[in-house]
Number of protein chains: 2
Amino acid sequence: MSSKTKQKKMADYITTTTDNSKKRARNNDGDDSESKKPKSTQVDLNKINFDCERKSAKGLTWNLKIVSWNVAGLRAWLKKDVVEYLKKENPDIICLQEIKCTEKQMPDEAKLSGYKIYINSGDKAGYSGVALYSKTIPISVRMGKEIKELDDTEGRVIEAEYEKFFLVSTYIPNAGAGLKTLPKRMKWDEEFRKYLKELDTKKPVVLTGDLNVAHEEIDIANPKTNTKSAGFTKEERDNMSLLLEQGFIDTFRILNPEKTGAYTFWTYFHNSRAKNVGWRLDYFISSKRFMDNVCDSTIRNEVLGSDHCPIVFYINV
Amino acid sequence: MSSKTKQKKMADYITTTTDNSKKRARNNDGDDSESKKPKSTQVDLNKINFDCERKSAKGLTWNLKIVSWNVAGLRAWLKKDVVEYLKKENPDIICLQEIKCTEKQMPDEAKLSGYKIYINSGDKAGYSGVALYSKTIPISVRMGKEIKELDDTEGRVIEAEYEKFFLVSTYIPNAGAGLKTLPKRMKWDEEFRKYLKELDTKKPVVLTGDLNVAHEEIDIANPKTNTKSAGFTKEERDNMSLLLEQGFIDTFRILNPEKTGAYTFWTYFHNSRAKNVGWRLDYFISSKRFMDNVCDSTIRNEVLGSDHCPIVFYINV
DNA sequence: CATGTTAAG
DNA sequence: CTTAGCATG
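A short tour of the structure in this document, coming up. In this convention, every chain numbers its residues from 1, walking through the sequence in written order. Starting at A for chains and at 1 for ligands, labels are handed out in the order in which the entities are written. Given that the model is predicted, a residue must reach a pLDDT of at least 70 before its local features are reported, and side-chain atom pairs must reach 80 or more before they are shown or counted; all residues, however, enter totals for whole chains, interfaces and linings. Calculation of side-chain values draws on the structure's entire complement of heavy atoms; hydrogens and water are dropped beforehand.

### Side note on the overall build of chain A
Starting at the N terminus, helices and strands are each numbered in turn, a helix being any DSSP run of H or I of at least four residues and a strand any DSSP run of E of at least two. For chain A, the count of helices and strands is six helices and twelve strands. Three exposure classes are used, based on accessible area relative to the maximum for each residue type with a 1.4 Å probe and protein chains only: buried under 20%, partly exposed in between, and exposed over 50%. Among the 317 residues that make up chain A, the fraction classed as buried is 54%. Sequence separation of 24 or more characterises 74% of the internal contacts of chain A that already satisfy a separation of 6 or more. For the accessible areas, the method is Shrake-Rupley and the probe is 1.4 Å, while residue cover comes only from the protein chains on display. Looking at chain A as shown, the accessible area adds up to about 15200 Å², and 52% of this sits on carbon and sulfur atoms. Note on contacts: a residue pair qualifies if any of its non-hydrogen atoms lie within 4.5 Å across the two residues.

### Digging into the pattern of salt bridges
Residues and elements named next belong to chain A. Salt bridges, as used here, are contacts in which a Lys or Arg side-chain nitrogen is within 4 Å of a carboxyl oxygen on Asp or Glu. As enumerated under the stated definition, the model contains 40 salt bridges over all chains in all. One salt bridge in this structure joins R289 and D200, with 2.9 Å as the shortest N-O distance. A residue pair is termed long-range when its members are at least 10 positions apart, and R289 in the loop between strand 10 (282-287) and strand 11 (294-299) and D200 in helix 4 (residues 182-200) qualify at 89 residues. A salt bridge links R253 to D219; the shortest N-O distance between them is 2.6 Å. Here R253 is found in helix 6 (residues 251-255), whereas its partner D219 is found in the loop between strand 8 (205-210) and helix 5 (234-245), with 34 residues between them in sequence.

### Let's talk about unusual backbone geometry
Glycine aside, residues mostly have negative phi, and peptide bonds are mostly found in the trans state. Residues and elements named next belong to chain B. One non-glycine residue, H270, adopts positive backbone phi at about 50 degrees. Along the polypeptide, H270 turns up in the loop between helix 6 (251-255) and strand 10 (282-287). Even without a glycine there, the phi angle at N271 is positive, about 55 degrees. Summarising the element assignment, N271 is placed in the loop between helix 6 and strand 10.

### Examining the packing of aromatic side chains
Centre distance within 6.5 Å is the pairing criterion for rings of Phe, Tyr and Trp, where only the six-membered ring of Trp is used; planes under 30 degrees apart are then read as stacked, over 60 as edge-to-face, and the remainder as tilted. Following the criterion strictly, the structure yields 22 aromatic pairs over all chains and no others. Members of the aromatic cluster, joined through ring pairs, are F50, W69, W77 and Y85 of chain A. Over the ring of Y118 of chain B we find K116 of chain B, and its NZ or CZ is 5.5 Å from the ring centre. Here, over-ring charges are defined by two tests on the NZ atom of lysine or the CZ atom of arginine: distance to the ring centre within 6 Å, and angle to the ring normal within 35 degrees. In this structure, K124 of chain B is placed above the aromatic ring of Y127 of chain B, and the distance from its NZ or CZ to the ring centre is 4.2 Å.

### Focus: the sheet that holds strand 1 (residues 64-70) of chain A
Residue and element names in this part refer to chain A. In this description, strands pair whenever DSSP reports at least two bridges between them. Within the open sheet, the six strands sit side by side as 3-4-2-1-12-11. Their pairing is mixed. The strands lining the two open edges of the sheet, one partner per strand, are strand 3 (116-120) and strand 11. Looking at each pair of strands side by side, their axes are set apart by 10 degrees on average, direction ignored. For strand 1 and strand 12 (residues 311-315), the ladder comprises five bridges, and the chain directions are antiparallel. Residue V67 lies in a different strand from strand 12, and its bridge partner there is V312. Across the sheet, helix 3 (residues 82-89) is in contact with strand 1, strand 2 (93-97) and strand 12; its angle to strand 1 comes to roughly 160 degrees. Each axis is a line fitted through C-alpha atoms, and for a helix only the stretch in contact is used; angles between axes span 0 to 180 degrees, taken between their N-to-C directions.

### Some thoughts on the sheet that holds strand 6 (residues 157-161) of chain B
All names here are of chain B. Spatially, the six strands line up as an open sheet ordered 5-6-7-8-10-9, and their pairing is mixed. The open sheet has two edge strands with one neighbour each: strand 5 (140-143) and strand 9 (248-250). If you compare each strand with its neighbour and ignore which way they point, the axes differ by 20 degrees on average. Judged from the three bridges that link them, strand 9 and strand 10 form a sheet pairing that is antiparallel. Its bridge partner being in strand 10, I249 is matched across the sheet by S286. This element, helix 4 (residues 182-200), spans strand 5, strand 6, strand 7 (166-171), strand 8 (205-210), strand 9 and strand 10 of the sheet and lies at about 170 degrees to strand 7. Running at roughly 125 degrees to strand 9, helix 5 (residues 234-245) makes contact with strand 8, strand 9 and strand 10 of the sheet.

### Overview of helix 5 of chain B
Residue and element names in this part refer to chain B. For a helix, the expected span equals 1.5 Å multiplied by the residue count minus one. With twelve residues, helix 5 ought to run about 16 Å at 1.5 Å a step, and its terminal C-alpha atoms sit 16 Å apart, in line with that. For helix 5, the set of buried residues is E236, R237, N239, M240, L243 and L244. Along the axis of helix 5, the buried residues cluster in a sector spanning 155 degrees; they form a single face. In helix 5, the exposed positions that point more than 90 degrees away from the buried face belong to K234 and E245. Buried-residue contacts for helix 5 involve helix 4, strand 8, strand 9 and strand 10. G247, located one to two residues past helix 5, shows a positive phi value of around 105 degrees. It is the directions from the helix axis to the C-beta atoms whose arc is reported.

### Points about the environment of V206 of chain B
All names here are of chain B. Turning to its location among the elements, V206 is positioned in strand 8. For the pair V206 and R280, spaced 74 residues apart in sequence, the C-alpha separation works out to 18 Å. In this view, V206 contacts F165, F166, L167, V168, F284, I285, F290 and F313; residues no more than four positions away in its chain are not counted.

### Description of the pairing of strand 2 (residues 93-97) of chain B
Residues and elements named next belong to chain B. Burial analysis of strand 2 places five of its five residues in the buried class, which makes it a mostly covered element. Burial of the side chains of strand 2 extends over both faces: I93, C95 and Q97 are buried on one face and I94 and L96 on the other. Two strands pair when backbone bridges link them, and strand 2 and strand 4 (residues 130-134) are joined in this way by five bridges, in the antiparallel orientation. When the sheet's bridge partners are listed, I93 is paired in strand 4 with S134.

### Considering the packing of helix 4 of chain A against helix 5 of chain A
Residues and elements named next belong to chain A. It is the contact of helix 4 with helix 5, at a shortest axis distance of 10 Å, that shows an interaxial angle of 5 degrees. As summarised for this structure, helix 4 and helix 5 are arranged roughly parallel, according to the angle between their axes. For the pair helix 4 and helix 5, contact is made by L182, R185, M186, D189, R193 and L196 and by E235, E236, N239, L242 and L243, respectively. Residues belonging to the contact of helix 4 with helix 5 are distributed by class as follows: five nonpolar, one polar and five charged. These descriptions rest on fixed angle ranges, namely under 35 degrees for roughly parallel, over 145 for roughly antiparallel, 65 to 115 for roughly perpendicular, and the rest for oblique. By the convention adopted, Pro, Cys, Tyr, Trp, Phe, Met, Ile, Leu, Val and Ala count as nonpolar, Lys, Arg, Asp and Glu as charged, and the other residues, Gly among them, as polar.

### Some points on helix 4 of chain B
With 19 residues, helix 4 of chain B extends 26 Å from end C-alpha to end C-alpha; this agrees with the ideal 27 Å at 1.5 Å per step. Of all the residues in helix 4 of chain B, the buried ones are L182, R185, W188, D189, F192, R193, Y195, L196, L199 and D200 of chain B.

### Digging into the pairing of strand 8 of chain B
Residue and element names in this part refer to chain B. Within strand 8, six of the six residues are buried, leaving the element largely enclosed by the surrounding structure. Relative to strand 8, strand 7 runs parallel, the two being bridged by six bridges. Each bridged residue has a counterpart across the sheet, and for L167 the counterpart in strand 8 is V206. Handedness of the crossover is the feature at issue here: the chain leaves strand 7, passes through helix 4, returns alongside strand 8, and the resulting connection is right-handed. Pairing geometry for strand 8 and strand 10, over five bridges, is antiparallel. When the bridges of strand 10 are listed, L207 appears paired with I285. The definition of a right-handed crossover adopted here requires that, viewed with the strands pointing away, the path from the first strand over the helix to the second runs clockwise.

### What to know about the environment of Y171 of chain A
All names here are of chain A. If you trace the backbone, Y171 turns up in strand 7 (residues 166-171). Spatially, the C-alpha atoms of Y171 and K124 are 15 Å apart, while their sequence positions differ by 47 residues. Apart from residues lying up to four places away in sequence, Y171 is in contact with N70, Q97, E98, S128, V130, R156, D210 and N212. One polar contact links Y171 to E98, side chain to side chain, over a distance of 3.4 Å. We call two N or O atoms a polar contact when they sit within 3.5 Å, provided that within protein one can donate a hydrogen and the other can accept it, with sequence-adjacent residues counted only if both atoms are side-chain atoms.

Shown next, in the form of structure tokens:
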């Protein structure tokens, strides 16, 4: 049974695509002859296998696909043929982090038809912000600011309840240059850990997003020179360990225990991406008891659009 | 006698071109295959007549050419084939306004060989700033901050003394959105007028640059709708009249009394330049008694590079 | 609409 | 290096 047929039956019955298409009725005296083609900033998408051969522990084929992507500014990201990619990937749920815009600022091209869209954009303009796209309407949705355990004024968390699991998409605070916001991060990690522990008592949890930490040495290209860098301090790594000790699994790593060079982020400096000098900062973390539903957890390292790449989670529910 | 021969004998005996060429020795693993050609942003320069047929009142041909240009950010301006234009224009003196950079920030491409370069960059980073390029070394040069009559902390004035005249290049303060800096502008105009009056007692003065005022209705495309706009208020226009009443001449206008549609600035909005919805804000103003030396005062409205175009002054000295 | 900041990553 | 903000024009 192909994924296409599976996905077809879930899609297209709901849309939030507004049609007040912000037509730029501007004072333009017919002088737009220059047709600036932005020249494809995307790789050849035909080389990508969007399906997944792996089965769940119970031998079942996936029937739900989740994509997570730190877009580092949704408006700039949209200009890089990312919608074409998303259409081919065709996930049931899309989690975006660092959208850096409000719902009002969101261009129409971002309002993918077939998805219900939830946005938590936070207070500071142009900073942080997360979005969740879902083909099916979740049982319930909570923004970070509605979650009592969290102090989320910056648009860092969206929680969506589905029949078999909670999905939590997050953009965890960066510890900052010179680690100047490491204390804020430590506080966040603690609160977030408690929140997930509590949530996990109700129903299995799938946590995804930019956790802003490379957990182990295998998860970063230059472990030795980055022990004082935001995202690879002992403090942040230990907090990730604490989270996992609460009964959560790093799904990519458990499926690929020895795989090196598997990163989801490369700084824009020094051609890092071309050299694969990267970090694995984006994860699908699953409640241990939900692992039987997991088919695969993969990294789309070819796909361009921001300094992070998308990651893909295939499950059977 | 061609201007080329004339200019040859003045040129090339002085240069400030430093050769510590800021070579970007960067961590670049041979991945710069993309050779991004910026595609010509300039018009066809061969269509321009860089010479001037007009003679001075005494029947003499020009032997000194001055160009003035508000570049609206020298670093961005440099990317628009402007050096190619300047080489073909080949002026003896170049006055630039709104360079928005310091001497240290100035790219090497801006250090045109054959010219001595003087820079007044002011305090605020990326704001205002003027430069003067001269093939011959002036008798003396004063920056605005060295002129006692002026309070020039923003990099708005360079004064150069030549044998027969003073050249003053200026970028006059904009009255601002909602005219919120009109008081500052009024104060500046008064001080500047006094300064020029004093200077004019010593030697004839040529004032050039962005005076940030369209003097008369003929100097602006939409006089009726701009009476409350910075650059066309009664206050600013009256101050320009006061300056002229002190014994100065608007050289372009005296040579072209009825010429309409002659502008040196077009806002970037609404395709103004393509529609020639512009303002004449850039001038060559001459002491009345120096008018006998003036051959022509022209506008290079075809030449691209900023929201202003260059203006050219041909004199015999 | 364009330029050069700034803060943040 | 890149995004988005802002102030200024």
